[in-house]
Amino acid sequence: MTPTSASRGSNGRPGDRGQGDARPGAGGAGLASAQSPLRRRLLPRRGGRDIAIDLGTANTLVFVRGEGIVASEPSVVAVDTENGEVHAVGEEAQMMIGRTPARISAVRPLRHGVIADFEVAERMLRYFMGRVHRSRHARPRVMMCAPSGITGVERRALTEACVAAGARSVHLIEESMAAAIGAGLPIDEPSANMVVDVGGGTSEVAVISLGGIVVSRSLRVGGYDMDEKVAAWLRGTHGLAIGESTAERVKLEVGSVSPDLSQGSTEVKGRDPVSGLPRQVDVTSEEMRTALEGPVAEIVVAVRAALEDTPPELSSDIPQRGIFLAGGGALLRGLGERIREETSVPVQLTESPLTCVALGAGLALDEIETLEVAGGTPARGTPAPRSRRRRMRR
Ligand code: ADP
Ligand code: MG
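No experiment lies behind these values; they were computed from the predicted model shown.

**Q** What should I look at first to understand the site of ligand 1 in this one?
**A** Around ligand 1 there are 18 residues in total, and A58, N59, G200, E248 and K251 lie nearest to it. Mapped onto the shell around ligand 1, the elements with two or more residues apiece are α6 (223-238) and α7 (244-254). With three residues, α7 is the largest single contributor of residues to the shell around ligand 1. A per-class count over the shell around ligand 1 returns six nonpolar, ten polar and two charged.

**Q** Mind showing me how you'd approach the pattern of salt bridges here?
**A** When their charged atoms lie close together, side chains carrying opposite charge are able to pair. One pass over the full model with this rule turns up 20 salt bridges. Among the ionic pairs, D50 bridges to R65, the shortest N-O distance being 2.7 Å. With D50 in the loop between α1 (37-42) and β1 (51-55) and R65 in the loop between β2 (59-64) and β3 (68-74), the pair connects residues that are 15 residues apart, well separated along the chain. Per residue, the accessibility class of D50 equals that of R65, and both read buried. With its nearest N and O atoms 2.6 Å apart, the salt bridge here joins E244 to R108. Taken together, the residues span a long stretch of sequence, with E244 in helix α7 and R108 in the loop between β6 (104-107) and β7 (110-111) at a distance of 136 residues. Look at E244 and you get partly exposed, because its relative accessible area is 45%. Taken together, the shared-partner salt bridges in this structure form one network comprising D50, R65, R141 and D366.

**Q** Could you clarify how one ought to interpret the sheet that holds strand β12 (residues 203-209) in this entry?
**A** Strand pairing in a sheet relies on backbone hydrogen bonds, with the paired strands running either antiparallel or parallel. Taking strand neighbours across the sheet as the criterion, the five strands line up as β13-β12-β11-β16-β17 in an open arrangement whose pairing is mixed. The open sheet has two edge strands, β13 (212-219) and β17 (347-349), and neither has a second partner. On average, each strand axis in the sheet is inclined to that of its neighbour by 20°, with strand direction left out of account. Judged from the three bridges that link them, strand β16 (residues 323-326) and β17 form a sheet pairing that is parallel. By the bridge assignment, F324 is partnered in β17 with Q348.

**Q** What is the right way to look at the nonpolar core in this model?
**A** Note on soluble globular proteins: their nonpolar side chains tend to be buried together. Of all hydrophobic cores here, the largest spans 41 residues; its most connected members are M194, L234, V268, L292, V303, I318 and I323. Looking at this core, the element that brings in the most residues is helix α9 (residues 293-309), giving seven residues. Discounting chain neighbours no more than four positions away, the residues touching L292 are M226, V230, G255, S256, V257 and L332. Counting 32 residues, the second-largest nonpolar core is a separate cluster that includes L110, L125, V163 and V170.

**Q** Looking at this structure, I do not really get the packing of α9 against helix α12 (residues 335-343). What am I missing?
**A** Relative orientation and spacing of two packed helices are given, respectively, by the angle between their axes and the distance between those axes. At a minimum axis distance of 10 Å, the contact between α9 and α12 shows a crossing angle of 45°. Taken together, α9 and α12 sit at an angle that is classed as oblique. Crossing of α9 against α12: the hand is right-handed. Facing α9, whose interface residues are E293, V296, V300, V303, R304 and L307, α12 presents L335, R338, I339, E342 and T343.

**Q** Before we go on, may I ask you to explain unusual backbone geometry in this structure?
**A** Both trends apply: most residues other than glycine have a negative phi, and most peptide bonds are in trans. The backbone of L210 shows a phi angle near 50°, a positive value even though the residue is not glycine. Among the structural elements, L210 can be located in the loop between β12 and β13. Residues other than glycine seldom take positive phi values, yet S344 does so here, at roughly 60°. In this structure, S344 sits in the loop between α12 and β17. Look at S344 and you get exposed, because its relative accessible area is 63%.

Criteria and cut-off values
- Residues numbered from 1 in each chain as written.
- Chains lettered and ligands numbered in written order.
- Predicted model: local features only at pLDDT ≥ 70, side-chain atom pairs only at ≥ 80, totals over all residues.
- Heavy atoms only, no water.
- Near = heavy atom within 4 Å.
- Helix = DSSP H or I, 4+ residues; strand = E, 2+ residues; numbered from the N terminus.
- Nonpolar A, V, L, I, M, F, W, Y, C, P; charged D, E, K, R; others polar.
- Salt bridge = Lys/Arg side-chain N within 4 Å of Asp/Glu carboxyl O.
- Buried < 20%, exposed > 50% of the residue type's maximum accessible area, 1.4 Å probe, protein only.
- Pairing = 2+ DSSP bridges.
- Axes fitted to C-alpha atoms, helices over the stretch in contact; angles between N-to-C directions.
- Core = buried A, V, L, I, M, F, W, Y, C linked by side-chain atoms within 4.5 Å.
- Contact = heavy atoms within 4.5 Å.
- Parallel < 35°, antiparallel > 145°, perpendicular 65-115°, else oblique.
- Left-handed = near helix turned anticlockwise from the far one by under 90°.

See below:
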């Protein structure tokens, strides 16, 4: 699997690079030429274009093979609790969080990178796939990103939700591997590449060499846990109750974990839990450093543990190349600095932390023919896609 750098812009997210190498047959091309009968047999049928999905706890991104990233929206669904009707998905549903009438509930179907609400996750996936394929009958092949620390049951839920939402076959790719490919790291070489992906609900640390994950650590801690700490700090220190969107805003504005970074403060509006009346306070970056210490320390410990577990031949490569940070949580001010201080290894942000996992999974779509011929890890959901049923009978 050859990682390639990207160049085309995509959907307006900060730092987006879109899909870069759309060379026909890049990667898995050695397998069969576009004209060969084998290739024709494997080409998407019934109008389904191959897609890659980064189904994150916070954001879902969709990459279409040959096009790039075509959708990037929050992983949120607004559901009517009385009749189960879906009112909105993505951006629109996100706006409803904490502001919905009693019967409409804004649900995040994933928790810590895994599906917590199967039905809602399926509806959300259907929405995202529908953005790519207008036809209800299109059954695309899907490359789905998955945290490396998930259980067999959780993997199964992921593939089954994807099949139920209309996928013909599903191949899972570890998020860290996708992040490394998306970052353009030379993962096929016999040297170590270290990636730390801090998402909304998980943090993944991996050392990759010769196209495989050598060491991995998966933590069920991410940006949302930081938001919770911000809310807990405001309640405990200032006696102010705030919602999760406000907590995230405070983190984005003044969140910081490095002591020598600029001092900032922001005004926070909330409710006094005792009087029940609206009130506002000022919070500073200094306070945020204390509030965010717990989750940040957990991430640092995981990075150190992964370094300790790396075989000596590989660990000697890491200081030369450095540690690459991906995921939205990696944008927290001072996080890279903090990891560098505690590991003595240089750290850098990937070029597009919020999109590099989707981008890497999208580039890995070029290997999908190889995976299908080799048996790969196709979906085991129900109903089995027709092509698979045929293959099973053979
Ligand atoms: P996931 O892969 O779980 O969907 P993402 O990689 O999209 O997560 O990252 C989302 C998380 O990143 C959210 O918790 C968000 O608050 C956090 N985040 C985004 N930008 C920043 C920033 N500038 N500083 C700190 N955290 C950020
Ligand atoms: Mg992610």
